[in-house]
Amino acid sequence: KLLLLKLLKQSVKVNLVKKTLKTYWKFMKTELKKLKVKFEGKTIEIDIQKELSINENIINSQLRESPSSYYVLCSLRDKYIKERDALAREKDEAYSAAWVYIKDSNERFNNDYVSHKANINPKYKSLYQRYLKAVEKSNKFIAICRAYESRENILRTINANLRKG
């Protein structure tokens, strides 16, 4: 009975790994474009689909070889997050300055009117557009880095389950 229970647990783990792999491979069937990034003055082309793929025949070597572009992508992610946060601060300062300027120009303006006028201030609108682009860019790199981390965790799980099996 004990041996049967052990085999049943291993079977459940193997099925879970197979299900995880099927989901992962289904995701990887989606075509991802090669990503061109500028890093330290050089343009680097990264084939994300190739780097995130998992070959179950060479899992051990894939675990040992950390993708070289992971460092580049994480550095860019951090740079874009910093840029996004700086733009958020600038955007908020521009809004506040516009709001105060408009409110001080005529005390009788109600707060809703002043807020509307501050929202259409050209400097604020420009900073807001730049902020939105920075948010999009940083989110893209955050997602890519998470995919690399997920891949590594999946490889470790598969490797551990193969050793147990």
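Whatever comes next refers back to the structure up there.
Worth saying up front: this structure is predicted, and the values here are computed from it rather than measured. (Residues numbered from 1 in each chain as written. Predicted model: local features only at pLDDT ≥ 70, side-chain atom pairs only at ≥ 80, totals over all residues. Heavy atoms only, no water.)

A. Highlighting the packing of helix H4 (residues 69-105) against helix H5 (residues 111-119). Direction vectors running N to C along H4 and H5 enclose 130°, while the axes themselves pass 9 Å from each other. Judged by the inter-axis angle, H4 sits oblique to H5. The handedness of the crossing between H4 and H5 is right-handed. Between H4 and H5, the contacting residues are Tyr95, Ala98, Trp99, Ile102 and Lys103 on the first element and Asn111, Val114, Ser115, Lys117, Ala118 and Asn119 on the second. A per-class count over the contact of H4 with H5 returns 6 nonpolar, 3 polar and 2 charged. (Axes fitted to C-alpha atoms, helices over the stretch in contact; angles between N-to-C directions. Helix = DSSP H or I, 4+ residues; strand = E, 2+ residues; numbered from the N terminus. Parallel < 35°, antiparallel > 145°, perpendicular 65-115°, else oblique. Left-handed = near helix turned anticlockwise from the far one by under 90°. Contact = heavy atoms within 4.5 Å. Nonpolar A, V, L, I, M, F, W, Y, C, P; charged D, E, K, R; others polar.)

B. Representation of the pairing of strand E2 (residues 42-46) within the structure. When strand E1 (residues 35-39) meets E2, the two strands line up antiparallel, connected through 5 bridges. Residue pairing across strands places Val37 opposite Ile44, the latter belonging to E2. Here E1 folds back onto E2, and the loop between the two strands holds 2 residues, one of which, Glu40, carries a positive phi near 50°. (Pairing = 2+ DSSP bridges.)

C. Structural context of the packing of aromatic side chains. For the structure shown, the criterion picks out 6 aromatic pairs. Relative to Tyr131, the ring of Tyr128 has its centre 6.4 Å away and its plane inclined at 35°; by these criteria the two rings are tilted. One end of the pair, Tyr128, and the other, Tyr131, are both in helix H6 (residues 122-164), 3 residues apart, so they sit about a helical turn from each other. Through a chain of ring-to-ring contacts, the aromatic side chains of Tyr95, Tyr124, Tyr128 and Tyr131 assemble into a single cluster. Directly above the aromatic system of Tyr131 lies the positively charged group of Lys91, at a separation of 4.8 Å from the ring centroid. (Phe/Tyr/Trp six-rings, centres within 6.5 Å; stacked < 30°, edge-to-face > 60°. Lys NZ or Arg CZ within 6 Å of the ring centre and 35° of its normal.)

D. Quick look at the packing of H4 against H6. Their axes nearest at 8 Å, the elements H4 and H6 cross at an angle of 155°. Judged on the interaxial angle alone, H6 and H4 are roughly antiparallel. Every pair of crossing elements has a handedness; the one defined by H4 and H6 is left-handed. For the contact of H4 with H6, the class distribution of residues is 21 nonpolar, 3 polar and 9 charged.

Function cannot be read off these values alone, since they describe shape.
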